[in-house]
Amino acid sequence: MTRTTASSLLYFLFYSVLGWCYEVFLEVVVYRWGFSNRGFLFGPYCIVYGVGALLLLFTLGGLKKKKIRLGPLPITPLLVFLGIVAITTGVELVASYLMEWVTGSWMWDYTRFAFHFQGRIALNPSLRFGVGGMVILYLLHPPLERMVQRIPLPLLKKLAWAEVVLLAVDAACRLLLS
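As a convention, each chain's residues are numbered from 1 in the sequence order in which they are written. Residues qualify for local features only when their pLDDT is at least 70, as the model is predicted, and side-chain atom pairs are given and counted only at 80 or more; totals for whole chains, interfaces and linings, by contrast, use all residues. Think of the side-chain values as coming from all heavy atoms in the structure, minus any hydrogens and water.

Student: Lay out the overall build of the protein with the relevant residues and their values.
Tutor: Helices and strands together make up the secondary structure of the protein, namely five helices and four strands. Seen in sequence order, the protein has helices and strands lined up from the N terminus as α-α-β-β-α-β-β-α-α. Whereas a compact globule of 178 residues would reach a radius of gyration of roughly 16 Å, the protein reaches 17 Å, a difference of no more than 12%. Based on the C-alpha atoms only, the size of the protein along its principal axes is roughly 55 × 50 × 30 Å. Exposure categories follow from relative accessible area, calculated using a 1.4 Å probe and restricted to protein chains: below 20% of the type maximum is buried, above 50% is exposed, and the middle band is partly exposed. By residue count, 38% of the 178 residues in the protein fall in the buried class. Every residue pair with non-hydrogen atoms within 4.5 Å of one another is taken to be in contact. Once local pairs closer than 6 in sequence are excluded, the contacts in the protein between residues at least 24 apart make up 64%. Where accessible areas are quoted, they stem from the Shrake-Rupley method and a 1.4 Å probe; at the residue level, only the protein chains shown are allowed to cover. Surface summary for the protein: the accessible area is close to 10,400 Å², and the carbon and sulfur share equals 74%. The centroid of the 16 positive side-chain charges in the protein is displaced by 14 Å from the centroid of its 8 negative side-chain charges. Only runs of H or I of at least four residues qualify as helices and only runs of E of at least two qualify as strands under DSSP, and these elements are numbered from the N terminus. For this measure, only C-alpha atoms enter the radius of gyration; the expected value for a globule follows 2.2 Å times N^0.38, where N is the number of residues. Charge convention: Lys and Arg are scored as positive, Asp and Glu as negative, and His as well as the terminal groups of each chain are ignored. Where a charge sits is defined by one atom per residue type, namely NZ (Lys), CZ (Arg), CG (Asp) or CD (Glu).

Next up, the structure:
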């Protein structure tokens, strides 16, 4: 396993857990619906957030570094934001279809929001994901990346393999108990 692969696996888990915390925060604090496990698996992680975050890192990391201007105006952050909205909305739509195919339903319903498509995606959450993606790319990921790069490669590999085993066992339990 390479350093890049092992690091990516740790980023995946970090952003999956962060996404789970965000979802639980919305349910408990914002909507006051009470606690429920917002993940598809049993552990405190939403894998769709991990997938989305990795896609953002891999596809928009280069764009983020460019200095694109429209006359005197720097528009790189706007382009990054629009890219985040498009990617995360696409991930959410695909995830809803995959979950429906595997389990018969998906875990969210956006029919109460204006500008939704089949209750699977909606403008309001897509814009929130855009803001969240900006926080990830510009604020959270740079220090996280520096921290992960300081982990010795043998330990990094062990952590990554432990994560793979954890997620595989969790997924197997989820499928067996469904």
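Student: Give a description of helix α1 (residues 3–30) that names residues and reports values.
Tutor: In this model, α1 (28 residues) spans 39 Å end to end at C-alpha, consistent with the 40 Å of a helix rising 1.5 Å per residue. Of the residues one or two after α1, Arg32 is the one with positive phi, at around 55°. By this rule, a helix spans an expected 1.5 Å times one less than how many residues it contains.

Student: Account for the side chain of Ser126, naming residues and giving values.
Tutor: With respect to the secondary-structure elements, Ser126 resides in helix α4 (residues 123–149). Each polar contact in these results corresponds to two N or O atoms within 3.5 Å; when the atoms are within protein, one needs to be able to donate a hydrogen and the other to accept it, and residues that are neighboring in sequence are counted only if both atoms are side-chain atoms. Separated by 2.7 Å, the side chains of Ser126 and Thr89 make a polar contact. Side-chain polar atoms of Ser126 contact the backbone oxygen of Ala122, separated by 2.9 Å.

Student: Go over the pattern of salt bridges, please, and point to the residues and values.
Tutor: A carboxyl oxygen of Asp or Glu within 4 Å of a side-chain nitrogen of Lys or Arg is what we treat as a salt bridge. Within this structure, the stated rule accounts for one salt bridge. A salt bridge links Arg120 to Glu100; the shortest N-O distance between them is 2.5 Å. Linking Arg120 in the loop between β3 (116–117) and β4 (121–122) with Glu100 in helix α3 (residues 76–103), this pair joins segments that are 20 residues apart in sequence. Using a relative accessible area of 5% as the deciding quantity, one classes Arg120 as buried.

Student: Any details on the packing of helix α2 (residues 47–65) against α4? Residues and values, ideally.
Tutor: The axes used here are C-alpha line fits, helices contributing only the stretch in contact, and every angle between their N-to-C directions lies in the interval 0 to 180 degrees. Packing of α2 against α4 leaves a shortest axis separation of 10 Å and a crossing angle of 70°. In terms of orientation, α2 lies roughly perpendicular with respect to α4. The two elements α2 and α4 meet at a crossing, and its hand is right-handed. Residues Tyr49, Ala53, Leu56, Leu57, Leu60 and Lys64 of α2 lie in contact with α4, whose contacting residues are Phe129, Gly133, Ile136, Leu137, Tyr138, His141 and Pro142. Across the contact of α2 with α4, the residue classes break down as 10 nonpolar, two polar and one charged. By the definition adopted for this analysis, an angle is roughly parallel if under 35 degrees, roughly antiparallel if over 145, roughly perpendicular if from 65 to 115, and oblique otherwise. Each crossing gets its hand from how the near helix is turned against the far one by less than a right angle, where anticlockwise is left-handed and clockwise is right-handed. Residues were grouped as follows: Ala, Val, Leu, Ile, Met, Phe, Trp, Tyr, Cys and Pro as nonpolar; Asp, Glu, Lys and Arg as charged; and all remaining residues, including Gly, as polar.

Student: Any details on the layout of surface pockets? Residues and values, ideally.
Tutor: Buriedness of a pocket was judged along seven lines, with at least five required to meet protein on both sides within 12 Å; pockets are open sets of points on a 1 Å grid over the protein atoms alone, cavities are sets where a 1.4 Å probe fits but cannot get out, and lining residues have an atom within 4 Å of a point. Grid points are joined across faces, edges and corners, and a volume is the space filled by probe spheres set on the points. The calculated volume of the largest pocket comes to roughly 1,000 Å³. Secondary-structure elements contributing two or more residues to the lining of the largest pocket are α1, α2, α3 and α4. The class makeup of the residues in the lining of the largest pocket is 31 nonpolar, six polar and seven charged. What the second largest pocket holds in volume is close to 360 Å³.

Student: Describe in detail the nonpolar core, supporting the description with residues and values.
Tutor: Residues enter a nonpolar core if they are buried and are Ala, Val, Leu, Ile, Met, Phe, Trp, Tyr or Cys, with the set joined through side-chain atoms within 4.5 Å. One finds Tyr11, Tyr15, Ile84 and Leu137 to be the most contacted residues of the largest nonpolar core, which totals 37 residues. Elements with a contribution of two residues or more to this core: α1, α2, α3, α4 and α5 (153–177). Per-element tally for this core: the top contributor is α1, with seven residues. Setting aside residues up to four positions removed in sequence, Ile84 forms contacts with Leu56, Leu60, Phe129, Gly130, Gly133, Met134 and Leu137.

Student: Hey, could you go over unusual backbone geometry for me, with residue numbers and the actual values?
Tutor: The phi torsion at Phe115 lies on the positive side, around 55°, for a residue other than glycine. On the basis of relative accessible area, Phe115 is assigned to the exposed category, the value being 69%.

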